[in-house]
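Chain residues, written in single-letter form:
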Amino acid sequence: MQHLVLGDIPVHRLGFGAMRMPADDPAAAHALARRAVELGVTFLDTADSYDLGRNEELLAEALHPYPGDVVVATKAGQCHPGDDWIPLGRPEYLRQQAELSLRRLRVERIDLFQLHRVDPAVPLADQIGAVRRLQDEGKVRHVGLSEVSVEQIVEAGRITPIVSVQNRYNLADRRSEDVLAHCERHGIAFLPWLPIAPSVRTDSPVTDVARRLGVSPAQVALAWLLRRSEVMLPIPGTSSLQHLEENTGAVDIVLSDEDFEALSCGKRDFVPSQTGR
C-alpha cells in the first residue's frame, strides 16, 4: 500500500472506518478489525459516540496490544443518544470523553484525537484549547477536525497544529474542494467520510469503468479518491469481511488518465450534508 504521514506517523493511505462494526456480534467485529490489519490497514477510525463507546472497546478487544504500526484514531464532540447527532463541545465534556476513550482503547495516549463537530454554542477557541491542554498533558499526540471550513482550520491551527481533517467527500459530493485544496497546500491529511457514495453502484461512468477493469464500482470510487490527492486517506467502513477485502483491493487499481477524467467530470448528486458520522 501507499503511505502518507499523519503528523509524524506514517500510515497506509487506505484506512478502516470502524463505525459499522456490529456491537451486537463481538466475534464478527473482532474478526473485521483483525482482518483489516492483516490486509495492511494501519489506520483505524472510531469515536466515543459510536455505540456509546462500545466501538472503541471492540477495537481494543480485537487488537490490544496494538501492532507497532497501527494507529487508532478517535473523536469526541458529538453525542448520539438515539437517532440524533448533537454537537457537544464544552471543554469539560471533551476532557471527560478523552479520558473515557483512553480507558476504553487501553492506551496512555491517543495518537489522533479529532473534534467530531464544532459546537456552535461554544467558542471554537475553547474547544481546541481543551484538546491542546490534553496534548500538553501527554494524553493526546495529534489533533484533527471533522466537518469544518477552511476558516475554522486556520483558527484552530493558531492554537495547535492540525494534522487531519475529516469531511464528507466522494464522487457525488465534492463541496469540500476548498478544504481539500487547503489541506494539500499545508500537508494536512484529508479523511473523506462516506467515501463511497450511495449512488455509486448505479452511476454510469463508475459502472462503465468498473466493468472495463473487472472490478467493483466501490473499488473504482476508492481508486478515484486515492488518485485525486496525495493527502487523501479514505476510511471506508463495512460490517462485511467480503466488502472489507474488496475495499482494500482498491489500492491496486490503476485508473487511466481518460478514466480518471471521465469520473471527475461525471454527474454529482450533491446530497445535502448529513450531521452524523
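Coordinates for the structure precede this section.
1. A few points about the pairing of strand β10 (residues 162-166)
Most of β10 sits out of view: 5 of its 5 residues are buried. The sheet contact formed by strand β9 (residues 140-146) and β10 spans 4 bridges and is parallel. Residue serine 146 lies in a different strand from β10, and its bridge partner there is glutamine 166. Read from β9 through helix α5 (residues 150-157) to β10, the crossover connection turns out right-handed. Of the pairings in the sheet, the one linking β10 to strand β11 (residues 189-190) comprises 2 bridges and is parallel in character. Counted as the bridge partner of serine 164 is alanine 189 from β11.

2. Brief notes about the layout of surface pockets
As a volume, the largest pocket reaches approximately 450 Å³. Taken together, 24 residues line the largest pocket, and the ones lying closest to its centre are Arg20, Leu194, Ile196, Pro236 and Gly237. The element contributing the most residues to the lining of the largest pocket is helix α9 (residues 241-248), with 3 residues. Within the lining of the largest pocket, the residues separate by chemical class into 13 nonpolar, 6 polar and 5 charged. One number sums up the size of the second largest pocket: a volume of about 210 Å³. Lining the second largest pocket are 15 residues, with Val70, Val71, Val72, Asp111 and Arg141 positioned closest to its centre. Residue assignment for the lining of the second largest pocket shows that the elements contributing at least two residues are β2 (9-12), β5 (71-76) and β8 (110-115). A class-by-class count of the residues in the lining of the second largest pocket yields 10 nonpolar, 1 polar and 4 charged.

3. What about the side chain of histidine 142?
Along the polypeptide, histidine 142 turns up in strand β9. Given a relative accessible area of 14%, histidine 142 falls into the buried group. Here the side chain of histidine 142 touches aspartate 8 through a polar contact of 2.7 Å, side chain to side chain. With residues near it in sequence (within four places) discarded, histidine 142 still touches Leu6, Gly7, Asp8, Ile9, Ile110, Asp111, Leu112, Phe113, Gln135 and Val163.

4. Some words on the sheet that holds β5
For sheets, the rule is that strands pair by backbone hydrogen bonds, running either parallel or antiparallel. Within the open sheet, the 7 strands sit side by side as β3-β4-β5-β8-β9-β10-β11. Their pairing is parallel. Taken across any chain shown, the strands that pair with only one partner, and hence form the sheet edges, are β3 (16-17) and β11. With 3 bridges connecting them, strand β4 (residues 43-45) and β5 associate as parallel partners. Bridge pairing in β5 places leucine 44 opposite valine 72.

5. Quick word on the nonpolar core
Of all hydrophobic cores here, the largest spans 51 residues; its most connected members are Phe113, Leu145, Val165, Phe190, Trp224 and Leu263. Considering every element that reaches this core, the biggest residue donor is helix α8 (residues 217-228), with 8 residues. Formed by 19 residues, the second largest nonpolar core is a distinct cluster that contains Phe16, Met21, Leu59 and Ala60.

6. Let's talk about the packing of α5 against helix α6 (residues 177-186)
Relative orientation of the contacting elements α5 and α6 amounts to 35°, with a least axis distance of 9 Å. From α5, Val150, Ile153 and Val154 reach across to α6, where they touch Asp178, Val179 and His182. Of the residues assigned to the contact of α5 with α6, the class counts are 4 nonpolar, 1 polar and 1 charged.

Rules used in this analysis
- Residues numbered from 1 in each chain as written.
- Predicted model: local features only at pLDDT ≥ 70, side-chain atom pairs only at ≥ 80, totals over all residues.
- Heavy atoms only, no water.
- Buried < 20%, exposed > 50% of the residue type's maximum accessible area, 1.4 Å probe, protein only.
- Helix = DSSP H or I, 4+ residues; strand = E, 2+ residues; numbered from the N terminus.
- Pairing = 2+ DSSP bridges.
- Right-handed = clockwise from strand over helix to strand, strands pointing away.
- 1 Å grid on protein atoms, 1.4 Å probe; cavity = no way out; pocket = protein on both sides within 12 Å on 5 of 7 lines; lining within 4 Å.
- Points joined across faces, edges and corners; volume = space filled by probe spheres on them.
- Nonpolar A, V, L, I, M, F, W, Y, C, P; charged D, E, K, R; others polar.
- Polar contact = N/O pair within 3.5 Å; in protein donor to acceptor, adjacent residues only side chain to side chain.
- Contact = heavy atoms within 4.5 Å.
- Core = buried A, V, L, I, M, F, W, Y, C linked by side-chain atoms within 4.5 Å.
- Axes fitted to C-alpha atoms, helices over the stretch in contact; angles between N-to-C directions.

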